[in-house]
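Okay, here's what each chain looks like letter by letter:
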Amino acid sequence: MKLHMRDLTKAYHEHPVLNVAEATLGMHGLEGLIGPNGAGKSTLMGLLTRRIAATTGTVELEDGDARHPLNPIRSHQVANLGLVKTNQRIQGFESLTIRDNLRLAATAHANETYRGVLDQNQTNDAIEAEIDDYLSQFTFADPDGFAKSGGEKKLLDILRCLIFKPRMLLMDEPTAGLPDDVTAKVMDMVRAKVKSGEMTVVIVEHDLELIWNYCAYVHFLSEGEILFHGTPDDVKNNRVVAEKYMGV
Ligand SMILES: Nc1ncnc2c1ncn2[C@@H]1O[C@H](COP(=O)(O)OP(=O)(O)OP(=O)(O)O)[C@@H](O)[C@H]1O
Ligand SMILES: [Mg+2]
């Protein structure tokens, strides 16, 4: 899946924070979105998933031959089109156990309501097996209890998104707060799913080594504008990126 945006702007109290004339995300499988603190990366991801209302502009989701304009779509319906986002700041996860969070995500597609899934005990063997598989690969202190630490919540947020089987996944600083070995495991899994054609991914990270290692293509955002994009080597060698972000 790809996301097309045009004349996309966001201003808070008439102070502009984002201004993207035209861009497409998702053409290169696993892409990075980098830029300084406050550049507008999270704002852009919020606009693309309709969690933040745009001031102007349009966003379209390209899915094979279909193009879905996202402007009329409400944020809670975006996931049903296959577009899902992980969160930079984690909230929630206090009302459901780790396992129930994964059950909910696995069955949360169109027409299934939050309550219905859990109350009617619609979870089936295949879903349970998939959840067991994830929980055997990623260790939680108590998988039948609640996610406790920030790291566990962050990991649960990512696994919740993956088990939903998105066709396009936006990841906002997913690995900040995760131990290095867990980060590598998550990213290897994400890369495998991208390679098999299950989904496209855009990842926001300040950990540039991760970006260079995993991303085929990188977009550079600064002061609300996409100033450059290219391969990791192109971006590493770009003068504007160096001046505005690498502190050279
Ligand atoms: N709700 C809001 N009201 C006012 N200003 C906001 C709001 N949300 C974000 N901003 C401003 O918009 C700009 C972009 O913020 P954003 O969070 O998108 O940056 P970011 O690139 O994700 O930064 P970081 O790397 O620190 O996560 C910042 O100047 C921020 O202060
Ligand atoms: Mg951010």
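Residues numbered from 1 in each chain as written. Chains lettered and ligands numbered in written order. Predicted model: local features only at pLDDT ≥ 70, side-chain atom pairs only at ≥ 80, totals over all residues.

Asks: Kindly report on the overall build of the protein, identifying the contributing residues and their values.
Replies: When its secondary structure is counted, the protein shows ten helices and ten strands. On C-alpha atoms alone, the protein measures out to a radius of gyration of 18 Å, which is about the 18 Å that the 2.2 N^0.38 rule sets for 248 residues. Seen through its principal axes, the protein has C-alpha atoms that stretch 55 × 40 × 35 Å. Relative to its full complement of 248 residues, the protein shows a buried share of 36%. (Helix = DSSP H or I, 4+ residues; strand = E, 2+ residues; numbered from the N terminus. Rg over C-alpha atoms; globule rule 2.2 N^0.38 Å. Buried ≥ 20, exposed ≤ 12 C-beta atoms within 10 Å, placed from the backbone.)

Asks: I'd like to hear about the nonpolar core, residue by residue, with values.
Replies: Counting 59 residues, the largest nonpolar core has Leu102, Leu159, Leu169 and Val201 as its most contacted members. A per-element tally of this core places helix α6 (residues 150-163) first, with seven residues. Apart from the residues lying within four places of it in its own chain, the contact partners of Leu102 are Ile131, Tyr134, Leu159, Arg160 and Ile163. (Core = buried A, V, L, I, M, F, W, Y, C linked by C-beta atoms within 7 Å. Contact = placed C-beta atoms within 7 Å.)

Asks: Residues and numbers for the site of ligand 1, please.
Replies: In the vicinity of ligand 1, the residues found are Tyr12, Val17, Gly35, Asn37, Gly38, Ala39, Gly40, Lys41, Ser42, Thr43 and Gln88. Here the element with the most residues in the shell around ligand 1 is helix α1 (residues 41-48); it accounts for three residues. Tallied by class, residues from the shell around ligand 1 come to three nonpolar, seven polar and one charged. (Near = placed C-beta within 6 Å. Nonpolar A, V, L, I, M, F, W, Y, C, P; charged D, E, K, R; others polar.)

Asks: Lay out unusual backbone geometry with the relevant residues and their values.
Replies: With the exception of glycine, most residues fall at negative phi, and the peptide bonds are largely trans. Its identity is not glycine, yet Glu14 carries a phi of approximately 65°, on the positive side. Mapped onto the fold, Glu14 is located in the loop between β1 (2-12) and β2 (15-25). Given 6 C-beta atoms within 10 Å, Glu14 falls into the exposed group. The phi angle at Glu223 is positive, at roughly 45°, despite the residue not being glycine.

Asks: Describe helix α7 (residues 180-195), naming the residues involved and giving the relevant values.
Replies: Between its first and last C-alpha, α7 extends 22 Å over 16 residues, near the 22 Å set by a 1.5 Å rise per residue. Among all positions of α7, only Val186, Met187 and Val190 are buried. Viewed end-on, α7 has its buried residues packed into an arc of 95°, placing them on one side of the element. Along α7, the residues that are exposed and aim more than 90 degrees away from the buried face are Asp181, Asp188, Ala192 and Lys195. Where α7 is buried, its residues touch α6, β8 (200-204) and α8 (208-214). One or two residues past the end of α7 sits Gly197, with phi positive at roughly 85°. (Expected span 1.5 Å × (residues − 1). Arc of directions from axis to C-beta.)

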